[in-house]
Each structure stands twice: as C-alpha cells, then as structure tokens.
Amino acid sequence: MTIRTTCVFAALASLPTIGVAQENDDRLQNIAHFFEGADVVSGPEIVECTLSEGAKADCFSITLTAAPQGHAPGPWCPTTVSDGAEAGGIWFLDGETVDVDGDFITRLSEIYGDSNWQLFDPDTGKVRYTGTLEDCEAAARPDVDPAYQNYCVQCLPETLPETPAMTYVIPLEPVAAEAAGRTGQNGSGLAHNGVRLDGPAPVDAILGAYTIAPFDDCGGHVNPHVGYHYHAVTDCLDGVAQTDGAGDHGARIGIAMDGHAIRPHLMADGSAPADLDQCNGHADETDGYHYHAGAPGSNAILGCLTAQAGCTLNDAEGTCDASAQGRGPGGPGGQGGPEADQ
C-alpha cells in the first residue's frame, strides 16, 4: 500500500513537469514552423537566459545565416549618373524613402545644402562606390575612413569570406520591463525569413562623412559583422509573411527581441494602426500586445522595446546575459554598441 501511494504521489508530482514540457515542445514546433523559410543552422531550442533588466527566463535560441530566402539582396549603388532607379537602392530623406539613382547622386549638394558633396566624376559621370571587402571595412562604419568620403557605400555579399551566422536568444514569454529598451545594440528583432530587423541606421554619421549607404528596395544592406540586415520593412517582407489568424492587424512578419510579435506597418485593410505607443506597439483582443513595423522611411522598425530583451550572439555556444551588454533603459531611436554600423 505504501509503495502504491508513493507511486501515485510521484505520478501526480510529475504532471506539471509533463505539461510544461509538452507546452514547450509545442512552442518550439511553432517557432520552427515560423522560421521554416529561413536558412537555419541550428535550433530552435530552449535555453536559460538573463534578460536586459536582469530577469531570469526561458528563451528560445536559434542560429541562422544572414541570407534572405525570399529575395536576392541588392542593388545598392548606381554606377553612373545616367542610371535609373533599377540600378540602385533607396535612402531615407525627410521621413520617406527615395530612389538612389543617378539623378539623386547629382543632386546631393542641393538636397543637403552643402557644396562639398561630389560622389561622381563630373567628366565621366561615373559614381564612386565601394566594391571590395577592404573598401567595405573602411567605409561601412560610423567613423568612415577619410579616404572614402564622397563615396556611395555598399558591401557586396559575394566579397565576404563567408555568410555570417548569428544566434538569437529571445524570451518565450515577454517579461515586463521598468523602462523602454533601446534597439541599437541587439536590434529590433528577427524576421521570419531569418534576417535581422535592426535598430536605426546611424544616418548622421553616414552623411557627416559625405557618404550615402543605400538600402536595397527591401530595406536591407550588408556589413561584415552581421551580414545582410534590414533597417526598413517594405513590401518585400510584408508580402511573404505567414498568416497566423491575426485578422485585421496583418500577418506576423517577425519576432521582437523581447518576444512580442511584429506585424506590418499597416493594417490588413491598408489603414494605419491606431493608438500606437512610443515603441510602435498596441494591444488587441486577438493577438494581445504586439508591434507594427515603422514606416519604411522612418529609420525605426521599432521605436523601442516595451519588455525585457534577449541577446544576439556571435557564438552559438555562448550564454545570453543581456543585462551585461549595456542595453540599459532608453527611449525611441536609441543607438549604441558595436553594431551601430552602416
């Protein structure tokens, strides 16, 4: 009788563990399904993590290459001033996106009110642009090498020694934060195609060196550290997002670094979402709290993070302690960290 009673108690005690394990398995399956269109190196798996304000949590870890599967990256820089929009990418100007074509290159001094702009040879009409890895490493950084002033800056994926892989560690459930978190160091989140949704591009630093670092028509460009990543969400990403029953708020396009869903800039009917907070988020009965991506020209996919964030790691075997990464509280548009790059 004692043995039977012990067995019963042991079985009852294991039921919550079994339930949690099943729930976590279901979550991992859903996460794997969400990223099935990405180039996954490993994961997802559940790991312990320390979030940006020190909370201990269960996170999922997934390692992906920075290679979009739904579209080919580029182009970025036109080669001559006679090139049309199809030869170049886009740039942010007054809250909108504009085509980086030959005409745009010739009008930079007019646009920015500074006669020092001269990205092209006036005799030949050829645009000065970066084409090698050495060029990229010197120019695609906040402190642009002076030799590359008045260049159109692009890093070509084919010049990198290999396609970079990054590990993302994101909480399974959002954990409340005391203050809004910055997106500049670890980015805003991760798109369903495996590409990093970054924080704001350092536009002032780029323009201060008389350079333009265009994004392609999908809102992305390349740097040697994280590879291809987005600074804007355009129709390239909206159009291939997986439907998940979100209804009026649109299909989920990504997961923020704090675990909240990211949805398109506009509602499913084309209208602007109402009552967004400073981080571009709000709540509805179907999806709870979630974000909507900022307008393509806003230079802010998310304004900030409302919950505690996880980590991006270069080492897939590394441990996530976001509280030690200097994220700290910050408002909309915060920048910082080694990856506040071009």
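What counts as what
- Residues numbered from 1 in each chain as written.
- Predicted model: local features only at pLDDT ≥ 70, side-chain atom pairs only at ≥ 80, totals over all residues.
- Heavy atoms only, no water.
- Helix = DSSP H or I, 4+ residues; strand = E, 2+ residues; numbered from the N terminus.
- Buried < 20%, exposed > 50% of the residue type's maximum accessible area, 1.4 Å probe, protein only.
- Areas by Shrake-Rupley, 256 points an atom, 1.4 Å probe, with all protein chains shown as cover.
- Phe/Tyr/Trp six-rings, centres within 6.5 Å; stacked < 30°, edge-to-face > 60°.
- Lys NZ or Arg CZ within 6 Å of the ring centre and 35° of its normal.
- Pairing = 2+ DSSP bridges.
- Salt bridge = Lys/Arg side-chain N within 4 Å of Asp/Glu carboxyl O.
- Core = buried A, V, L, I, M, F, W, Y, C linked by side-chain atoms within 4.5 Å.
- Contact = heavy atoms within 4.5 Å.
- Disulfide = S-S within 2.5 Å.
- Axes fitted to C-alpha atoms, helices over the stretch in contact; angles between N-to-C directions.
- pLDDT = per-residue confidence, 0-100.
- Polar contact = N/O pair within 3.5 Å; in protein donor to acceptor, adjacent residues only side chain to side chain.

Draft legend 1. Geometry of the overall build of the chain. A count of helices and strands for the chain gives six helices and 18 strands. The burial tally for the chain puts 50% of its 342 residues in the buried class. Taken as a whole, the chain presents about 15,100 Å² of accessible surface, with 50% of it coming from carbon and sulfur.

Draft legend 2. Representation of the packing of aromatic side chains. Summed over the entire model, instances satisfying the criterion amount to nine aromatic pairs. Taking the centre distance of 5.5 Å and the plane angle of 80° together, the rings of Tyr 228 and Tyr 230 count as edge-to-face. For the pair Tyr 228 and Tyr 230, one class covers both residues: buried. Aromatic rings pair up to connect Trp 91, Phe 92 and Phe 215 into one cluster. Just above the ring of Phe 34 sits the side chain of Arg 252; from NZ or CZ to the centre is 4.3 Å.

Draft legend 3. Spotlight on the pairing of strand β6 (residues 165-171). The buried fraction of β6 is high, at six of seven residues. Relative to strand β18 (residues 311-313), β6 runs antiparallel, the two being bridged by three bridges. Among the inter-strand pairings, Val 169 is bridged to a residue of β18, identified as Cys 311.

Draft legend 4. Seen up close, the pattern of salt bridges. Evaluated as defined, the whole model comprises five salt bridges. Residues Arg 27 and Glu 23 are paired through a salt bridge, measuring 3.1 Å at the closest nitrogen-oxygen approach. On the criterion of helical spacing, the pair formed by Arg 27 and Glu 23 is a turn pair, its members being four residues apart in helix α1 (residues 2-34). For Glu 23, a relative accessible area of 40% gives the class partly exposed. Its salt-bridge partner being Arg 107, residue Asp 103 comes within 2.9 Å of it at the nearest N-O pair. Given a relative accessible area of 31%, Arg 107 falls into the partly exposed group.

Draft legend 5. View of the nonpolar core. Core analysis: the biggest nonpolar cluster contains 72 residues, and Phe 35, Phe 60, Trp 91 and Tyr 230 have the highest contact counts within it. The contact partners of Phe 35, leaving out residues within four places of it in the chain, are Val 40, Phe 60, Ile 62, Leu 190, Ala 191, His 192 and Ile 255. Membership of the second largest hydrophobic core comes to nine residues, among which are Ala 57, Cys 59, Val 169 and Cys 311.

Draft legend 6. Examining the sheet that holds strand β13 (residues 254-256) more closely. Read across the open sheet, the eight strands follow the order β11-β12-β9-β8-β13-β14-β16-β15; overall the sheet is mixed. Where the open sheet ends on each side, the last strands, each with one partner, are β11 (220-223) and β15 (281-284). Sheet topology places strand β9 (residues 196-197) next to strand β12 (residues 227-230); two bridges connect them, and they run parallel. By the bridge assignment, Leu 197 is partnered in β12 with Tyr 230.

Draft legend 7. Spatial organisation of the state of the cysteines. Enumeration according to the criterion identifies six disulfides in this entry. Residue pairing for Cys 218: its cysteine sulfur links by disulfide to Cys 236, the two sulfurs lying 2.1 Å apart. The chirality of the disulfide connecting Cys 218 with Cys 236 is left-handed, given an S-S dihedral of about -75°. With Cys 218 in the loop between β10 (211-212) and β11 and Cys 236 in helix α6 (residues 235-238), this pair connects stretches of sequence that are 18 residues apart. Its relative accessible area of 8% is what places Cys 218 among the buried residues. Looking at Cys 236, the relative accessible area reads 28%, which means it is partly exposed. A sulfur-sulfur separation of 1.9 Å characterises the disulfide bridge that pairs Cys 279 with Cys 304. Taking the sign of the S-S torsion, about -95° here, the bridge from Cys 279 to Cys 304 comes out left-handed.

Draft legend 8. Local environment of the sheet that holds strand β2 (residues 56-65). Reading across the sheet, the four strands line up as β1-β2-β6-β18 and stay open at both edges, with antiparallel pairing between neighbours. The outermost strands of the open sheet, each flanked by one partner alone, are β1 (40-50) and β18. Averaged over all neighbouring strand pairs, the angle between strand axes comes to 20°, with direction disregarded.

Draft legend 9. Expanded view of the confidence of the model for the chain. Across the chain, pLDDT averages 87, with 86% of residues at or above 70. Across residues 1-14, where pLDDT falls below 50, the model places zero contacts with residues more than four positions away in sequence or in other chains.

Draft legend 10. Examining the side chain of Ser 52 more closely. Structurally, Ser 52 is set in the loop between β1 and β2. Note on Ser 52: relative accessible area 16%, which makes it buried. Within the structure, the side chain of Ser 52 is placed 2.9 Å from the backbone nitrogen of Ala 309, a separation counted as a polar contact.

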